[in-house]
Amino acid sequence: MEAARNRNTWHIHPDSAALAQRLAAAIARMAQEAIAARGAFHLVVAGGNTPRAAYAMLPQLGRDWQCWHLYHGDERCLPLQDPERNSLMLDTVWLSQVPIPARQIHHIPAERGAEVAARDYAALLPPHAFDLVLLGMGEDGHTASLFPGHDWGLEKSSPATLAIHDAAKAPPQRVSLSGWRLQYTREMFFLTTGSGKRAALAAWLRGESTPAALVGTTADVWLDNAAWPETVPGTI
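Looking at an unreviewed UniProt entry, the protein carries the name 6-phosphogluconolactonase, with the source organism given as Acidithiobacillus ferrivorans. Recorded in UniProt under Catalytic activity (unreviewed entry), the annotation for the protein is "6-phospho-D-glucono-1,5-lactone + H2O = 6-phospho-D-gluconate + H(+)".

*Asks:* Requested: an account of the layout of surface pockets, with residues and values cited.
*Replies:* Quantified by volume, the largest pocket comes out at close to 670 Å³. Along the walls of the largest pocket sit 30 residues, with G47, G48, N49, R76 and K169 positioned nearest its centre. In terms of residues, the lining of the largest pocket owes the most to one element, strand β7 (residues 130-136), which gives 3 residues. Across the lining of the largest pocket, the residue classes tally to 10 nonpolar, 10 polar and 10 charged.

*Asks:* So what's going on with the side chain of N86? Residues and values would help.
*Replies:* Tracing the backbone shows N86 in helix α3 (residues 86-93). Apart from residues no more than four positions distant in its own chain, N86 is found in contact with G47, G48, H72, D74, E75 and R76.

*Asks:* Describe the side chain of R181, with residues and values.
*Replies:* You can see R181 is positioned in helix α5 (residues 179-183). Buried and unpaired, R181 has D131 as its nearest opposite-charge partner, separated by 10 Å. Residues in contact with R181, not counting those within four places in the same chain, are L125, P126, H128, F130 and A160.

*Asks:* I'd like a description of the packing of aromatic side chains, backed by residues and values.
*Replies:* All chains considered together, the criterion is met by 10 aromatic pairs. The interplanar angle of 65° and the centroid separation of 5.5 Å between the aromatic rings of W10 and W204 together place this pair among those described as edge-to-face. Of this pair, W10 sits in strand β2 (residues 8-13) while W204 sits in helix α6 (residues 198-205); the two residues are 194 residues apart in sequence, bridging distant segments of the chain. Across this residue pair, the class does not change: W10 and W204 are buried. Pairing W68 with W94 gives two aromatic rings, centres 5.8 Å apart and planes at 80°, and the pair type is edge-to-face. With W68 in strand β4 (residues 68-72) and W94 in the loop between α3 and β6 (105-106), this pair connects stretches of sequence that are 26 residues apart. We classify W68 as buried; its relative accessible area is 0%. Taken together, the ring pairs connect F41, Y55, W65, W68 and W94 into an aromatic cluster. It is R181 that lies over the ring of F130; its NZ or CZ is 4.2 Å from the centre.

*Asks:* Could you give an account of the sheet that holds strand β9 (residues 174-177), with specific residues and numbers?
*Replies:* Here 3 strands make up an open sheet; going across it, the order is β5-β9-β8 and the pairing antiparallel. Looking at the sheet topology across the chains shown, the edges are occupied by β5 (74-76) and β8 (161-164). Sheet twist, expressed as the mean angle between neighbouring strand axes with direction ignored, is 15°. Summarising the sheet, β8 and β9 pair through 4 bridges and their orientation is antiparallel. Opposite T161, over in β9, you have L177 as the bridge partner.

*Asks:* Kindly report on the UniProt feature "domain: Glucosamine/galactosamine-6-phosphate isomerase" (unreviewed entry) in the protein, identifying the contributing residues and their values.
*Replies:* The positions UniProt marks with the feature "domain: Glucosamine/galactosamine-6-phosphate isomerase" (unreviewed entry) are residues 14-217. Here residues 14-217 runs as 33% helix and 19% strand, with 24 Å between its end C-alpha atoms.

The rules behind these values
- Residues numbered from 1 in each chain as written.
- Predicted model: local features only at pLDDT ≥ 70, side-chain atom pairs only at ≥ 80, totals over all residues.
- Heavy atoms only, no water.
- UniProt positions renumbered as here; feature names shortened; annotations may be inferred.
- 1 Å grid on protein atoms, 1.4 Å probe; cavity = no way out; pocket = protein on both sides within 12 Å on 5 of 7 lines; lining within 4 Å.
- Points joined across faces, edges and corners; volume = space filled by probe spheres on them.
- Helix = DSSP H or I, 4+ residues; strand = E, 2+ residues; numbered from the N terminus.
- Nonpolar A, V, L, I, M, F, W, Y, C, P; charged D, E, K, R; others polar.
- Contact = heavy atoms within 4.5 Å.
- Buried < 20%, exposed > 50% of the residue type's maximum accessible area, 1.4 Å probe, protein only.
- Lys, Arg positive; Asp, Glu negative; His and termini not counted.
- Salt bridge = Lys/Arg side-chain N within 4 Å of Asp/Glu carboxyl O.
- Phe/Tyr/Trp six-rings, centres within 6.5 Å; stacked < 30°, edge-to-face > 60°.
- Lys NZ or Arg CZ within 6 Å of the ring centre and 35° of its normal.
- Pairing = 2+ DSSP bridges.
- Axes fitted to C-alpha atoms, helices over the stretch in contact; angles between N-to-C directions.

What follows is the structure, given as structure tokens:
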């Protein structure tokens, strides 16, 4: 089921498994379109459990891996082998199985600390728009490591990367792409599943200024039935 509201398109799937399957197919299709048009596919990946199942399907669906360029929307400042690192999850379920050149896999060096990692990662970002940015959303409406009550870097005068020292969730030190740099993309998908996200989605639909809603002003929002708010005045 798909519906348009404001400037977002909401893709509502029966469950998280159906969402993951369709998401993986969409990523693979968009990669081929980008490679055919521009010779490369520049993808920003999201961490967390929602996209993990889709990433695990990509080795069977993708091709022309030498043309893929990967970036992270955010990372926790933890040791490289910490199980909470987004980079470790990505390597385990996807990247270890495909021949993307190592120089085109741009993990955030968050083990260096927030300030140094943010500075170093900004230098690795492309000067042009990404092809696709994938983002998740927390129960408080945060996205990447942009939390309520903090600077989200939505103005283009802001840095492309932000050093986070007091995140609302552990660990407190993180690195995140800023709001405007996440928005500098041809397409943006928000991914959210489970009943725990209903309140944040309801706030988005009511027009409240959460990080997810303000970063994703024109995004496609992919969710499962469990995440869709049951009662929001004026919604579909």
